[in-house]
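# Observations on the three-dimensional arrangement
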Amino acid sequence: MNIACILTDKAYPNYADQTIYSLRFVERLIRQFHEFDFKDVLFVNDQPNQDTHTLSKNFSELLHFLQNLDLQQNVQLFLVKSNIIMDDRLIKFTRDSKDDIQLTEQGAFVKLSGENLNQFVQHLNDLRDMDQLIDFVKKPPIQYAIKTVSPNNFDSYIEDLRLNFVPYYFQYEKGVDLRSIENQMYEANFKGTMDFIATY
């Protein structure tokens, strides 16, 4: 059973309405996880000005939800910051991997299962607020057996298009050029499709 939690931090109001190809970051992440049949996709927003576009849980509601998980059901928990723009393939690769994974040294995407998830749930009461949860996602404590992986480490071959393209992974920060991100997404998707049609 796969569960995704999309987490906001204090910077969220600054980019809540930013879009990539007309989709807000959170909306895009929710769609991506649903496409891979995640049982629950939770948007966690603890800011005073609640997001008006998306149903959300606050921090205490999230803790209650996680503490009541049935861990006998082979649960995989994905904790992802809401400013992530990522290739669909990264969700599939991390979901299907036998390892628990942190994407890139900068953090912002962590998958927990098995003993790591048990340990995380047991220590939930040690988390006082969303900031501490975000800190965990950025850099899980050393006692967790989590493998740090770069998108370059995954298979870059797109079989349907017969081309190689490293999965893209961006963490939006103020001042980042969204047009440049859109261009790279275009290279990975639309241009590849057109090249395939022209070649075959």
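Residues numbered from 1 in each chain as written. Predicted model: local features only at pLDDT ≥ 70, side-chain atom pairs only at ≥ 80, totals over all residues. Heavy atoms only, no water.

### Some remarks on the overall build of the protein chain
Check the secondary structure of the protein chain and you find eight helices and twelve strands. When the 200 residues of the protein chain are sorted by exposure, 50% land in the buried category. Within the protein chain, counting contacts between residues at least 6 apart in sequence, those at least 24 apart form 74% of the total. About 10,800 Å² of surface is accessible on the protein chain, with carbon and sulfur atoms providing 46% of the total. (Helix = DSSP H or I, 4+ residues; strand = E, 2+ residues; numbered from the N terminus. Buried < 20%, exposed > 50% of the residue type's maximum accessible area, 1.4 Å probe, protein only. Contact = heavy atoms within 4.5 Å. Areas by Shrake-Rupley, 256 points an atom, 1.4 Å probe, with all protein chains shown as cover.)

### A few points about the pattern of salt bridges
In total, this model carries ten salt bridges according to the counting rule given. Put simply, glutamate 27 and arginine 24 hold a salt bridge, and the shortest N to O gap is 3.3 Å. Owing to a relative accessible area of 26%, glutamate 27 belongs among the partly exposed residues under this scheme. If you follow the salt bridges from partner to partner, you end up with Asp17, Arg24 and Glu27 in one network. (Salt bridge = Lys/Arg side-chain N within 4 Å of Asp/Glu carboxyl O.)

### Details of the pairing of strand E4 (residues 40-44)
Extensive coverage of E4 is indicated by the burial of five of its five residues. In E4, alternate side chains face the same way, and those of Asp40, Leu42 and Val44 on one face and Val41 and Phe43 on the other are all buried.

### Side note on the side chain of asparagine 83
Topologically, asparagine 83 is positioned in the loop between strand E5 (76-81) and strand E6 (84-86). A polar contact is formed between the side chain of asparagine 83 and the backbone oxygen of tyrosine 172, at a distance of 2.8 Å. Leave out the neighbours within four places in its chain, and asparagine 83 touches Tyr15, Phe25, Phe170, Gln171, Tyr172 and Glu173. (Polar contact = N/O pair within 3.5 Å; in protein donor to acceptor, adjacent residues only side chain to side chain.)

### Some points on helix H6 (residues 130-138)
Those residues of H6 that sit buried are Met130, Leu133, Ile134, Phe136 and Val137. An end-on view of H6 places all buried positions within 155° of arc, on one side of the element. Between the side-chain oxygen of the N-cap and the backbone nitrogen of aspartate 131 there are 3.2 Å, and the N-cap of H6 in question is aspartate 129. (Arc of directions from axis to C-beta.)

### Some thoughts on unusual backbone geometry
For aspartate 37, which is not glycine, the phi dihedral falls at a positive 60°. Phi is positive for alanine 108, which is not a glycine, with a value near 90°. Looking at the secondary structure, you find alanine 108 in the loop between strand E7 (101-103) and strand E8 (109-113).

### A word on the confidence of the model for the protein chain
On average, the protein chain scores 82 in pLDDT, and the residues at 70 or more come to 84%. Note on residues 192-200: pLDDT under 50 across the span, and eight contacts to partners over four residues away in sequence or across chains. (pLDDT = per-residue confidence, 0-100.)

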